[in-house]
Amino acid sequence: MILPILKYPHQVLRARTEPVVFPLSPEIKKLAKDMADTVRHADGIGLAAPQVGKSVKLVIINLEKSGIPLFALYNPKVVSKGFKKTEIEEGCLSIPGVFGMVKRPNKVTIEAQNHLGEKIKISDDGWVSRVAQHEIDHINGVLIIDLIKKYTKGEELILSDR
Ligand SMILES: [Zn+2]
């Protein structure tokens, strides 16, 4: 089921999120499936639960077009960051038409849980790193407009969760 994507300045985008508990409830299982449908439908590369009105720590990464199967991260957090940072243009499904340069660490290590509640650890310095950082920001109430130093027109868009 495709869910409506909430737009800034909707309060839920800034709300505190609750951890997902295991075993997953039928509601959370359905939410994860619906978020996968929604991000694919929106042609996005990532989606966080607050963007569909749910204040829980769940994000979907959709890099299918880069050959990486869609996956969900439950209770993800960045546990370490590389020193080197790069500025890349980003956009956001919740802030249509707004684009800007966002500086983030190239490499991060993320700890999360999979759908079974098993601990997973991801170290990445590519698209997974970039998208996961954007989506983890969402579950912490942080939006790209908090991070953009220079706005752009989206004409040379390299990265967007849309
Ligand atoms: Zn976003």
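Structural notes, computed from the coordinates. Because the structure is a prediction, the values reported are computed rather than measured.

So, on to unusual backbone geometry. Residue Pro 9 is reached from Tyr 8 by a cis peptide bond, and omega for that bond is 10 degrees. You can see Pro 9 is positioned in the segment before helix H1 (26-41). In this structure, the amide linkage connecting Phe 22 to the following residue, Pro 23, adopts the cis form with an omega of -5 degrees. Here Pro 23 shows up in the segment before H1. The phi torsion at Asp 43 lies on the positive side, around 60 degrees, for a residue other than glycine. Its place among the elements puts Asp 43 in the loop between H1 and strand E1 (46-48). For Asp 43, a relative accessible area of 44% gives the class partly exposed. You will see that Asn 75, though not glycine, has its phi angle at about 55 degrees, which is positive. For Asn 75, the position within the fold is in strand E3 (residues 71-81).

Analysis parameters
The residue count restarts for each chain, going from 1 along the sequence in the order it is written. With the structure being a predicted model, the display of local features is reserved for residues of pLDDT at least 70 and the display and counting of side-chain atom pairs for 80 or more, all residues being used for whole-chain, interface and lining totals. Just so you know, side-chain values use all the structure's heavy atoms and leave hydrogens and water out. The numbering of helices and of strands both runs from the N terminus, where a helix is a DSSP run of H or I of at least 4 residues and a strand a run of E of at least 2. Exposure classes here rest on a 1.4 Å probe applied to the protein chains alone. A residue is buried below 20% of its type maximum, exposed above 50%, and partly exposed in between.

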